[in-house]
Amino acid sequence: MRTLLQPRKHFLWLALILFTFVSCELEDDQAIVDDEIATKNIVETAQDTDALSSLVAALTKADENDDSDLITTLSGTGPFTVFAPTNEAFTELLNNLEGFDSLEDFDTDEERAILASILQYHVIAGAAVASGDLTNGQEVTTVQGEGLKIILDDGVFIDDATDQNAEVGIPDVTASNGIVHVINKVLLPQAIINALNEGGTLVDIVVATEDLSLLEAAVIKADLVDTLNGDGPFTVFAPTNDAFEALLMALGSDYMGLDDFDTPEEIELLKSILLYHVIPAQVLEADLAAGEVGTALPDNSLMIIEEDGKFVIGDASDTNANISGTDIMASNGVAHTIDKVLLPQVAVDFVASLQMKNIVEIAVETDDLSLLVDALVQANAGLVETLSGEGPFTVFAPTNEAFAALLDVLGDDYNALSDFDTQEELDLLVDILTYHVVAGTAAFSTDLSDGQTIPTVSEDEVTIKLEGDYVFVKDASDEKAKVVLPDVAASNGVVHVIDKVLLPQTAIDFVASLQLKNIVEIAIETDDLSLLVDALVQANAGLVDTLSGEGPFTVFAPTNEAFGALLDLLGDDYHSLSDFDTQEELDLLVDILTYHVVAGTAAFSSDLYNDQTIPTVSDDEVTIKLYSGHVFVKDASDEKAKVVIPDVEASNGVVHVIDKVLLPQAAIDFVASLQMKNIVEIAIETDDLSLLVDALVQADAGLVEALSGDGPFTVFAPTNHAFVELLDTLGFHGLSDFDTEDEIALLIKVLTYHVVAGTAAFSTDLSDGQHIETLQGENVGINIKDGNVHIEDATDSNATVVLPDVAASNGVVHVINKVLLPQEVLDILNPPVPNIVALAASVDDLSLLVEAIIQADAGLVDVLSGDGPFTVFAPTNDAFEDLLHALGNDYNSLDDFDDDDDQELLAKILTYHVVAGAALASNDLYNHQQLHTVQGESLFAIINHGVFVRDKTHVDAEVIGPNNEASNGIVHLIDKVLLPQEVLDELH
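Residues numbered from 1 in each chain as written. Predicted model: local features only at pLDDT ≥ 70, side-chain atom pairs only at ≥ 80, totals over all residues. Heavy atoms only, no water.

Per an unreviewed UniProt entry, the recorded name for the protein is FAS1 domain-containing protein, and the organism is Flagellimonas algicola.

See the structure below:
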């Protein structure tokens, strides 16, 4: 926004002034130059020429910029032709530039760059052109980039971008690196002329004028730069800095500078003030005439006043502005400086408002409003700050006597405003105070009308009543407040002093609530609710404190008779509420009591309707039934409670007295469970489960106590017939035959296989294919077929549930027609057949065979322990002793088969005794039957008064112990080790 070179006059005028020829000095300098020998360069030549000292100073000044080095350039080899302006030429230029008294005023990088551009316009590089070499009309290009034109007309003239040519006063001053022609005018290129001829706008003038710096800041803050840079034309009365300082002083300590105009409203005010200084036309001093003139601020005019032969400017205030400077011309208008900031009416009103106290200050300074001030402070809700703000507000201000009357109404707990100390009370105080405030308007008494309703900040309305010469304000009560002192004007509104604290409906309700007792207090004071109170205390769950709290609550309160009926229903264990003494019972009592409480609403009988469902604090619902003008409450049972005393209002809700204790489903289930027997009791009372009971007693393992405990359990209970079948299978006459430790342990395993712990699984909970882990540890399977449930155990026959879902207090019983047997029991009753290796290991006379199998280390142990089937001809210990004897002294025992060859030989002998793929009993063999062995060669069965096995020797082996069954085959004991041909060949 800053204009670097501001011309005092239009540039054409400047060009005429610059046409000055100082002949005397030039002639003197010519003599000096002529005497010099051309041994000096252009710069040195200029330095030695007094008339060119300004040129040297200009070069030096331009070179202060980092990117300029004109002196070094013009001291270089060249060649150059330089048109050198005289000192007078530079002086004339400076005289006509605003703000430039000397070359030292080129003191910024931008200004020095302009100076360098002017100087470069005087230099032609690459040639030293003497005047005699110049031709008329010749155009030469300068270092600056623009051209000069040579005019030869009774002298040498240089035509630059101006309308006035420069004349060469001293031509052909020879230097070592070129030639200098001294001229009488500073040449100006078009670029510089453009800059000069652009001219500054009104904003540029303000910016360039030091004494208008505050006006500049104001224009920027009010966002009027673009406006005053516009086409215009405008006339601006420009207040000086002193004028702005005087305005700020008048505005007071809140306005120490223009930065204090920081709200949107203040900035808008500043904008209005500035526009009030602008006339949307060009008015020169000569055009001024007395009278009214419109401004750029709509509907606001200035007065031009003639006074003592001069003109002053009149605004909306009582003080005129003097014109201190006139006709400061700009490209878009004219400015006149003045010694005062002109104030439109809006600004005069603003200044006046600053002298006025705000609503809070008025209250603080008024003795009879001290309690109002205390109330505002006590509320601590920002109301002091709000009512000290901009507004506008209308405040109905109660006197001290009015506040004292309110405290009397509230009772002994409220002796001062400081007794409003809970959050609820503070919220109420805020509600009362904001009920006295109307925001957005300053309504004086003349603005009020009879019957007028006015919304307050509290969102409730007050009503204006005009009676005689007085104004009254009606609140939510029956008593009106009288305005005893109207129209106390404030900087941010108006105050009307009243003789009563206005009460919104919330305050009236609060006052009424102070007279009410809370729900617990009502219950305590009502004889027929004493058992309800006992129940609340016995539950010890904070319900007394809760129902003494804020609420609101709706409570259905059972009478003493209702609680007596409940205790009778619960049985002999419950003579009084103190019998609810276990945690489970206390939890149930809490569930019952909270089933009588509805939180969050005070539902009077008029609020209830037929079939209405209401969620209670217990999370269960009650249903309202209306019959013949009476209200009934339906719980989870089949019997409804009748409301015998409705609508007992409390400070924190409402109580309806009822003739029955309401029972949630949990309570009904509990009552039902009291009538229900446990699993053991059911078994004892069921004739067809007597043997099950006998079994539990006979096992003597604590199962009777366990199945009488909490559970839950699922028990599959075999009938007497099922136990009889088991006893028959075992060969026992009765359960008392389980009399050894092992037999009792077996019975315990059987019984615990019928018990599932941790769940009461009714038949509807069972699914086909389901497997359930029992207390014994193994699973039973569920098989559902044709609507019947069958239980799969480890046997091949399932048990059928003949009587499902016998509910017990600690679980469920399913009666079944078979005793379930786990695999563990089956294994005890029917020990598993050993495999061939285990069988051999169990027979003493086969110990050397077992040693041989191990010694051979050929995996035979694993093979003969596998699935099979195999037929093994097993040599006795004597047979192996005979073999060792036959092999000689090197084989005293099987341990002597100790190298790889021996072990391989032993393995061939052993595998020659094994027939794979069949378990052949002795009666399966026939005479001369060929038997293929694992070793690869065959054996032959010989049937001749016994069973014999023929190998490759001449002696047959006799089967002396046939048909020893194993799980994976059959073993025949023989009296000789069989030898295949392969072994015989190796031995011989």
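### Brief notes about the overall build of the protein
Per the secondary structure count, the protein includes 38 helices and 44 strands. Relative to the globule expectation of 30 Å for 988 residues, the C-alpha radius of gyration of the protein, 62 Å, shows a markedly less compact shape. With respect to the principal axes defined by its C-alpha atoms, the protein has extents near 175 × 115 × 45 Å. Split into buried and exposed, the 988 residues of the protein put 46% on the buried side. Taking as baseline every contact in the protein between residues at least 6 positions apart, the subset at least 24 positions apart corresponds to 64%. Accessible area for the protein stands at about 47,100 Å²; split by element, carbon and sulfur atoms hold 49% of it. (Helix = DSSP H or I, 4+ residues; strand = E, 2+ residues; numbered from the N terminus. Rg over C-alpha atoms; globule rule 2.2 N^0.38 Å. Buried < 20%, exposed > 50% of the residue type's maximum accessible area, 1.4 Å probe, protein only. Contact = heavy atoms within 4.5 Å. Areas by Shrake-Rupley, 256 points an atom, 1.4 Å probe, with all protein chains shown as cover.)

### Structural notes on helix H37 (residues 900–911)
With 12 residues, H37 should reach 16 Å at 1.5 Å per residue; the first-to-last C-alpha distance of 16 Å fits that figure. Counting buried positions over the 12 residues of H37 gives 9, a clear majority of the element. For H37, the set of buried residues is Asp902, Gln903, Leu905, Leu906, Ala907, Lys908, Ile909, Leu910 and Thr911. Its side-chain oxygen at 3.2 Å from the backbone nitrogen of Asp901, Asp899 defines the N-terminal cap of H37. (Expected span 1.5 Å × (residues − 1). Polar contact = N/O pair within 3.5 Å; in protein donor to acceptor, adjacent residues only side chain to side chain.)

### Quick word on the packing of helix H22 (residues 530–539) against helix H25 (residues 583–594)
Contact pair H22 / H25: the axes reach a minimum separation of 9 Å and the direction vectors enclose 130°. Here H22 is positioned oblique relative to H25, judged by the angle of their axes. At the point where H22 passes H25, the crossing takes the left-handed sense. Contact residues: Leu532, Ala535, Leu536, Gln538 and Ala539 in H22; Leu586, Leu589, Val590 and Leu593 in H25. Considering only residue class, the contact of H22 with H25 consists of 8 nonpolar, 1 polar and no charged. (Axes fitted to C-alpha atoms, helices over the stretch in contact; angles between N-to-C directions. Parallel < 35°, antiparallel > 145°, perpendicular 65-115°, else oblique. Left-handed = near helix turned anticlockwise from the far one by under 90°. Nonpolar A, V, L, I, M, F, W, Y, C, P; charged D, E, K, R; others polar.)

### Things to note about the environment of Asp318
Mapped onto the elements, Asp318 comes out in the loop between strand S14 (310–314) and strand S15 (321–330). Each C-alpha atom of the pair Asp318 and Leu343 lies 9.9 Å from the other, and the pair is 25 residues apart in sequence.

### Quick look at the sheet that holds strand S2 (residues 80–85)
Across the sheet, 7 strands lie side by side as S4-S2-S9-S8-S7-S6-S5; this open sheet has mixed pairing. At either end of the open sheet lies a strand with only one pairing partner, and these are strand S4 (123–125) and strand S5 (139–141). Averaged over all adjacent pairs, the angle separating strand axes in this sheet is 30°, with direction ignored. Two elements, strand S7 (residues 156–159) and strand S8 (residues 166–175), share 2 bridges in a ladder whose sense is antiparallel. Across the sheet, Ile158 pairs through a bridge with Ala166, a residue of S8. (Pairing = 2+ DSSP bridges.)

### Quick look at the pairing of strand S20 (residues 461–467)
The pairing of strand S19 (residues 453–455) with S20 spans 3 bridges and is antiparallel. Counterpart to Ile454 in the pairing with S20 is Val462. Hairpin remark: S19 followed by S20, antiparallel, with 5 residues in the connecting loop; positive phi at Glu459, about 80°. Relative to strand S21 (residues 470–474), S20 runs antiparallel, the two sharing 5 bridges. Bridge pairing in S21 links Ile464 to Val473. Adjacent in sequence and paired antiparallel, S20 and S21 are bridged by 2 residues, among which Gly468 carries a positive phi angle near 65°.

### Section: the packing of aromatic side chains
Summed over all chains, the structure comprises 10 aromatic pairs. Here Tyr414 and Phe510 contribute two aromatic rings whose centre-to-centre distance is 6.2 Å and whose plane-to-plane angle is 80°, an arrangement assigned as edge-to-face. On the criterion of sequence distance, the pair formed by Tyr414 in the loop between helix H18 (400–410) and helix H19 (423–434) and Phe510 in helix H20 (residues 505–514) is long-range, its members being 96 residues apart. The class of Phe510 is buried, set by a relative accessible area of 11%. Ring-pair connections join several aromatic residues into one group, and the members of that group are Tyr255, Phe261 and Phe350. Across the ring face of Tyr470, the terminal group of Lys482 is positioned such that the distance to the ring centre comes to 3.8 Å. (Phe/Tyr/Trp six-rings, centres within 6.5 Å; stacked < 30°, edge-to-face > 60°. Lys NZ or Arg CZ within 6 Å of the ring centre and 35° of its normal.)

### Description of a negative patch on the surface
Where like charges cluster on the molecular surface, the negative patch consists of Asp844, Asp845, Asp878, Glu881, Asp882, Glu958 and Asp975. Element by element, the count of residues in the negative patch is highest for helix H36 (residues 877–887), at 3 residues. Judged by its relative accessible area of 32%, Glu958 is partly exposed. (Patch = residues over 30% accessible without salt bridge, like charges linked within 9 Å, V, L, I, M, F, W, Y side chains within 5 Å. Salt bridge = Lys/Arg side-chain N within 4 Å of Asp/Glu carboxyl O. Lys, Arg positive; Asp, Glu negative; His and termini not counted. Charge placed at Lys NZ, Arg CZ, Asp CG, Glu CD.)

### Things to note about the pattern of salt bridges
One pass over the structure, following the stated rule, counts 21 salt bridges. Across the pair Glu64 and Lys61 runs a salt bridge, and its minimum N-O distance is 3.2 Å. A relative accessible area of 42% places Glu64 in the partly exposed class. A salt bridge links Glu467 to Lys480; the shortest N-O distance between them is 3.7 Å. With Glu467 in strand S20 and Lys480 in strand S22 (residues 480–490), the pair connects residues that are 13 residues apart, well separated along the chain. A relative accessible area of 33% places Lys480 in the partly exposed class.

### Details of helix H7 (residues 109–120)
Taking 1.5 Å as the rise per residue, H7 with 12 residues should run 16 Å; its terminal C-alpha atoms sit 16 Å apart, in good agreement. Turning to H7, its buried residues are Glu111, Arg112, Ile114, Leu115, Ala116, Ser117, Ile118 and Leu119.

### Structural notes on the UniProt feature "domain: FAS1" (unreviewed entry) in the protein
What UniProt calls "domain: FAS1" (unreviewed entry) maps, in this numbering, to residues 39–187, 199–342, 356–502, 516–662, 676–820 and 833–978. Taken as a whole, residues 356–502 contains 31% helix and 28% strand, while its terminal C-alpha atoms sit 27 Å from one another. Across residues 516–662, the secondary structure splits into 31% helix and 28% strand, with the terminal C-alpha atoms separated by 27 Å. (UniProt positions renumbered as here; feature names shortened; annotations may be inferred.)

### A closer look at unusual backbone geometry
Omega for the peptide link from Gly551 to Pro552 comes to 5°, which places this bond in the cis form. With respect to the helices and strands, the residue Pro552 is situated in the loop between helix H23 (543–547) and strand S24 (553–558). With an omega dihedral of 5°, the bond running from Gly711 to Pro712 counts as a cis peptide bond. Mapped onto the secondary structure, Pro712 falls in the loop between helix H29 (703–706) and strand S31 (713–718). Of note in this structure, Asp619 is not a glycine but carries a positive phi near 80°. Judged by its relative accessible area of 71%, Asp619 is exposed.

### Describing the sheet that holds strand S44 (residues 969–974)
With respect to topology, 7 strands assemble into an open sheet ordered S39-S38-S44-S43-S42-S41-S40, the strand pairing being mixed. Sheet topology places strand S39 (914–916) and strand S40 (929–932) at the edges, where each strand pairs with a single neighbour. The sheet shows a mean angle of 30° between the axes of neighbouring strands, taken without regard to direction. Direction of pairing for strand S42 (residues 947–950) relative to strand S43 (residues 957–966): antiparallel, over a ladder of 2 bridges. What sits directly across from Val949, in S43, is Ala957.

### What to know about the confidence of the model for the protein
When the pLDDT values of the protein are averaged, the result is 90; 96% of them are 70 or greater. Segment residues 1–37 is flagged for pLDDT under 50; beyond a separation of four residues in sequence, or across chains, it makes 77 contacts in the model. (pLDDT = per-residue confidence, 0-100.)

### Overview of the packing of H19 against H20
In a packed pair of helices, the relevant descriptors are the angle between the two axes and the axis-to-axis distance. As a packed pair, H19 and H20 sit with axes 9 Å apart at the nearest point and diverge in direction by 140°. Judged by the angle between their axes, H19 and H20 are oblique. Of the two possible hands of crossing, H19 and H20 adopt the one that is left-handed. Contacts between H19 and H20 involve Glu424, Glu425, Leu428, Asp431 and Ile432 from the former and Thr506, Ala507 and Phe510 from the latter. Residue composition of the contact of H19 with H20, grouped by class: 4 nonpolar, 1 polar and 3 charged.

### Remarks on the environment of Pro504
Relative to the helices and strands, Pro504 is located in the loop between strand S23 (493–498) and H20. Here Pro504 falls in the buried class, since its relative accessible area comes to 1%. In contact with Pro504, other than residues within four places in its own chain, are Asp431, Ile432, Tyr435, Asp460 and Ala476.

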